[in-house]
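Summary of structural features
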Amino acid sequence: MNTLARIDDLHISFGGVAAVNGISFTVGQGELVALIGPNGAGKTTALRMVAGILRPDRGHVFFDERDVTNLPTHTRVRLGLGFTHQIVRPFYGFTTVENVMLAAGHHQTESPWRALASRSRTAAREKAQSILERTGLATQSSQSPRALPLGQRKRLEVARALALDPKLLLLDEPLAGLSSAEATTMADLVRALSAQGITVVLVEHNLGEVLRIADRLVVLDAGKVLAEGPPKDVMARSDVRQAYTGVI
Amino acid sequence: MSSYIASLVSVIGINLILALGLNIITGFCGQVSLGHAAFYGLGAYTAAYLAKLGAPLPVTLLAGTAMAGAIGVVVGLTSLRVRHDFLAVTTMGIGFVFLGFVRKQKWLGGELGISGIPGSGLDPVSYALLIVAFAAAVLGFCLWIKHSWMGFTFDAVADDEDAARTVGVDVSIYKLTAFGIGTALAGLAGGLYIYFARIILPDTFDFVQSIAILTMVVIGGTGSVWGVFAATVALTLLPEVSRAAADYRLLIFGAMLMLVMRFSPGGLAGLARRRLA
Amino acid sequence: MLFAELIVKGLVYGCMYAMMAVGLTLVYGLLRILHIAHAGVFALGAYMTVVVTNATGSLALGFLVAVVVSAAAGTAIYRLAYQPILHHSAFVPMVVSIGLFIVMQEAFRMIFGAYGIAFDNNPWYVANVDLAGINLTYVEIAMVIMSVVLLVGFGLFAGLTRVGIGWRATVSDPQMATSFGVDAVRVRYVNFLFGSALAGIAGGLVGLLNNYVEPTMGGSVSYKALAIVVLGGLGSVRGTLVASLVLGVVEAFGAIYLADIFDRDAIGFLFLIAVLMVRPQGLLGRSSGK
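Model, not experiment: these values are computed from the prediction.

Rules behind the numbers
- Residues numbered from 1 in each chain as written.
- Chains lettered and ligands numbered in written order.
- Predicted model: local features only at pLDDT ≥ 70, side-chain atom pairs only at ≥ 80, totals over all residues.
- Helix = DSSP H or I, 4+ residues; strand = E, 2+ residues; numbered from the N terminus.
- Rg over C-alpha atoms; globule rule 2.2 N^0.38 Å.
- Buried ≥ 20, exposed ≤ 12 C-beta atoms within 10 Å, placed from the backbone.
- Contact = placed C-beta atoms within 7 Å.
- Pairing = 2+ DSSP bridges.
- Axes fitted to C-alpha atoms, helices over the stretch in contact; angles between N-to-C directions.
- Domains from an automatic or database assignment.
- Nonpolar A, V, L, I, M, F, W, Y, C, P; charged D, E, K, R; others polar.
- Left-handed = near helix turned anticlockwise from the far one by under 90°.
- Parallel < 35°, antiparallel > 145°, perpendicular 65-115°, else oblique.
- pLDDT = per-residue confidence, 0-100.
- Expected span 1.5 Å × (residues − 1).

Across its full length, chain A holds ten helices and ten strands. Computed over C-alpha atoms, the radius of gyration of chain A comes to 18 Å, within 12% of the 18 Å expected from 2.2 N^0.38 for 248 residues, which places it in the range of a compact globule. The principal-axis extent of the C-alpha atoms belonging to chain A is close to 60 × 40 × 40 Å. Within chain A, the fraction of its 248 residues that count as buried is 48%. Considering only intrachain contacts with a sequence separation of at least 6, the fraction spanning at least 24 residues in chain A is 64%.

Here it is, written out as structure tokens:
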């Protein structure tokens, strides 16, 4: 299996406190990898470094053989990275379908001059509609994100990232705040995307769903990798259970 | 067309170019700029200086536009560094720095400005029509931008910069583009102004002028091309139509700014939208 | 001696700017609004001082009225202009503030005349003293003393009284503060009352200093106060104080050494822009931490 992304010895501190203290792992093409761990382990911070929203103090991020450590987020997106926020950030001034359309038209938005020369939004609209169908948001397409409940906003976040035709999708707590039924639906969606060939790395607290859909777990604790491997093997380890519950 | 009407049309045309340019920066791309008059002044001074050296009209206009646009991009670079709220004061500062510089430079006429600017070579009516042509082109350009992917992307940048980055938008380049285009247009307005006025004074390009332009944008409805068009025409005609309005021009501007933003922040365009909704 | 004199004069002006800028910082820290109309309150204080002093012969009464009227005006501005539109983006209240300032300026022009008014009898204007070889007018000294007293007083208030601590809590975390029973609305009123009173006093002092009060006087000081607030780090009172003094001194030197290139008003902004390019968060602001 090809390695799509390699995270190499990342370190970052905030105000003198090391949030991430030497994290390394790889992500293989087509895998669904879940970053798990107790609160404060550094999971979201690590993901944001892969996305380019944070720059590490030390260490490297490799994507598709390229060192992207110092590239800004939008450049990484153009190389094939998709990212969803933990606290959703739709464009509240756009409708649902327009949110996805902007991403779907990513070729047109590449440079301002190309954008100036492009007028037609038909192709982007069609692509956006079909993605909304795939993510179960077809009937909401002309609504404002303000009118959508959280579960649908989270799906919109994923839909928008999908429209970028990503090779690697980074999902930051996609199930947070969802009811158990909504969480199962979302987890199924993520699993379906993975089955379609998109490599996925997600950060999640909801162990139940994660264990069901992930190919591989990477367990973080106190800014370091504690364990990694197939879900069953990892969860059987006593040090992993202790990190979560404090009990052997 | 009488020469009075020609004069009026000229002023409306110049104001339109100014307001539409600011609308691109603030309305389309969401970047506050309280120093737009400085770019108007940059264009005017550049054009005037070259005109007095004997340069023909197309050259002076081009030079004014280019100078204002270039400095505008540089100022745009500052917008990338500083946070939103800081930007308002920084752009205000640019205005004061420009004014403070120009007032002291003997070779630019100091406090007395530049006088004795040669004529455009056209009679007043033809010149007014030239200005109208430019204004119409600018209007068309703004409408084009609005319906293109550039307008779509500007909307996203204005809505949520960080989210725009996560869909692959190079926010910095778009902001610089907005600044560059908007300020270049202000420079064009400045170049057109000099042949109309034949004399330029530093005070013409002060903070009050920046606010006057902002007023046209805000009352029209920040971001709405036709709204800004309507507001600019109305606000320019108002002192002509009403003697009282002329005497209390500033008071009316201030009051309108206050009242419109207080009760209908979307300006005229916002009102129209609500009526039609 | 020129060096020392420039520094001292710079500090004097810095104190004046501080009185204006603190009011602005207070508003920004609490509401994230650039309260440009603050300049109008400043000018209002100046006008009140002159008018009442000329009418009654008592400078003390003039200042008292100025303080009360300014504080009331500032609070009214909050209640009528800002409070109803706080839910919009910050652009909206800022533009309302600009409009209001222009209206106030024009009102002064229409009521009191475009050419300004002066004190009938202002002994303070020329009375001066030599301190260690540097010549300072009484007003300049008064300005320094006043600002130090007022700002130290405010510091004590904020640190020691219940209302003051409540105010500080609201500035740093409004929701937390209200859950502790702090009345957020009252905090806002205190904020505007105090900041506006300071501006009114500053206005009166400047009127005394120049022996002249005119409609646009708020402009120059206010723009610089805005620059100071940004320079100090938007919302940080300590930063504002430091920036005020720094700006006063920079301006004093700049006015002499850059006299051929830039005029006085531009120097402050030039300094601001230069600093922001190096430190986008201002002199004492906290960096946004990417």
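Below, the discussion takes up the overall build of chain C. Across its full length, chain C carries eleven helices and two strands. Put simply, chain C runs from its N terminus to its C terminus through helices and strands in the order α-α-α-α-β-β-α-α-α-α-α-α-α. Taking 19 Å as the expected radius of gyration for a compact globule of 290 residues, we find that chain C reaches 19 Å, a close match to that expectation. The C-alpha extent of chain C, read off along each of the three principal axes, is 55 × 45 × 35 Å. The buried share of chain C, reckoned over its 290 residues, is 55%.

Turning our attention to the interface of chain A and chain B. Listed as interface residues are 23 residues of chain A and, on the opposing side, 22 residues of chain B. Contributing elements (two or more residues each) for the side of chain A that touches chain B: α2 (73-79), α3 (96-104) and α4 (112-117) of chain A. When residues in the side of chain A that touches chain B are grouped by element, the largest group, four residues, is from α2 of chain A.

Take the pairing of strand β10 (residues 224-229) of chain A next. All names here are of chain A. Looking at chain direction, strand β9 (residues 216-221) and β10 are connected through five bridges and run antiparallel. Across the sheet, the residue bridging to Leu 217 is Gly 229, located in β10. Hairpin connection of β9 to β10: two residues between the antiparallel strands, including Ala 222 at a positive phi of 50 degrees.

With that settled, consider the sheet that holds strand β1 (residues 3-14) of chain A. Residues and elements named next belong to chain A. On the basis of which strands lie adjacent, the open sheet formed by four strands has the order β2-β1-β4-β5 and antiparallel pairing. Looking at the sheet topology across the chains shown, the edges are occupied by β2 (17-28) and β5 (66-67). The sheet contact formed by strand β4 (residues 58-63) and β5 spans two bridges and is antiparallel. Looking at the pairing, Phe 63 lines up with Arg 66 of β5. Running at roughly 120 degrees to β1, helix α1 (residues 43-51) makes contact with β1, β2 and β4 of the sheet.

We now examine the domain arrangement of chain A. By convention, interface size is frequently given as the accessible area that disappears when the constituent parts associate. Residue and element names in this part refer to chain A. Here chain A is partitioned into domain 1 (1-80 + 166-248) and domain 2 (91-165). Each of domain 1 and domain 2 has a C-alpha centre, and the two are 25 Å apart. Facing nine residues of domain 1, the contacting portion of domain 2 comprises nine residues. Among the elements that line the side of domain 1 that touches domain 2, the one with the most residues is helix α7 (residues 180-195), at three residues. Grouping the constituent residues of the side of domain 1 that touches domain 2 by class yields seven nonpolar, one polar and one charged.

Residue and element names in this part refer to chain B. Two elements in contact, helix α3 (residues 57-81) and helix α8 (residues 171-197), have axes whose closest approach is 6 Å; the angle formed by their N-to-C orientations is 145 degrees. Like other packed secondary-structure pairs, α3 and α8 cross with a definite hand, here right-handed. When its residues are assigned to classes, the contact of α3 with α8 shows 16 nonpolar, 14 polar and one charged.

Further remarks concern the sheet that holds strand β6 (residues 81-84) of chain A. All names here are of chain A. On the basis of which strands lie adjacent, the open sheet formed by six strands has the order β6-β7-β8-β3-β9-β10 and mixed pairing. The open sheet terminates on both sides in strands that have one partner only, identified here as β6 and β10. The average angle at which neighbouring strand axes cross in this sheet is 15 degrees, direction not considered. Sitting on the sheet, α1 touches β3 (32-36), β6, β7 (168-172), β8 (199-203) and β9, and the angle it makes with β7 is about 145 degrees.

Right, let's get into helix α6 (residues 149-159) of chain B. Burial of α6 of chain B is extensive: ten of the eleven residues sit out of reach of the surface. Taken together, the buried residues of α6 of chain B touch α3 and α4 of chain A together with α1 (3-28), α5 (124-147), α7 (161-166) and α8 of chain B.

Attention shifts here to the interface of chain B and chain C. Listed as interface residues are 31 residues of chain B and, on the opposing side, 36 residues of chain C. Every element with two or more residues in the side of chain B that touches chain C is listed here: α3, α4 (84-104), α9 (207-220) and α12 (249-263) of chain B. For the side of chain B that touches chain C, the element with the most residues is α4 of chain B, which contributes 14 residues. The residue makeup of the side of chain B that touches chain C, split by class, is 20 nonpolar, five polar and six charged.

Residues and elements named next belong to chain B. Interaxial distance between α1 and α5 falls to 8 Å at its minimum, and their mutual angle equals 20 degrees. It follows that α1 is roughly parallel to α5 by the angle criterion. The two elements α1 and α5 cross, and the hand of that crossing is left-handed. The class makeup of the residues in the contact of α1 with α5 is 20 nonpolar, five polar and no charged.

Turning our eyes to something else, we now look at the confidence of the model for chain C. Put simply, chain C has an average pLDDT of 83, and 94% of its residues get 70 or more. Confidence scores differ between elements of chain C, with helix α6 (residues 162-172) of chain C showing the lowest mean pLDDT of 71 and helix α3 (residues 59-82) of chain C the highest of 92.

Its 15 residues give α12 of chain B an end-to-end C-alpha distance of 21 Å, which sits within 8% of 21 Å, the value for a rise of 1.5 Å per residue. All of the buried residues in α12 of chain B are Ile 252, Phe 253, Gly 254, Leu 257, Met 258, Val 260, Met 261 and Arg 262 of chain B.

In this section: the environment of Asp 183 of chain C. When you line up the elements, Asp 183 of chain C lands in the loop between α7 (174-179) and α8 (184-210). Assessed through the 14 C-beta atoms surrounding it within 10 Å, Asp 183 of chain C is described here as partly exposed.

The subject of this paragraph is the pairing of β1 of chain A. All names here are of chain A. Sheet analysis places β1 next to β2, joined by nine bridges and oriented antiparallel. Across the sheet, Arg 6 pairs through a bridge with Thr 26, a residue of β2. Between β1 and β2, which follow one another and run antiparallel, lie two residues, and Gly 15 among them has a positive phi close to 55 degrees. As paired elements, β1 and β4 share five bridges and run antiparallel to each other.

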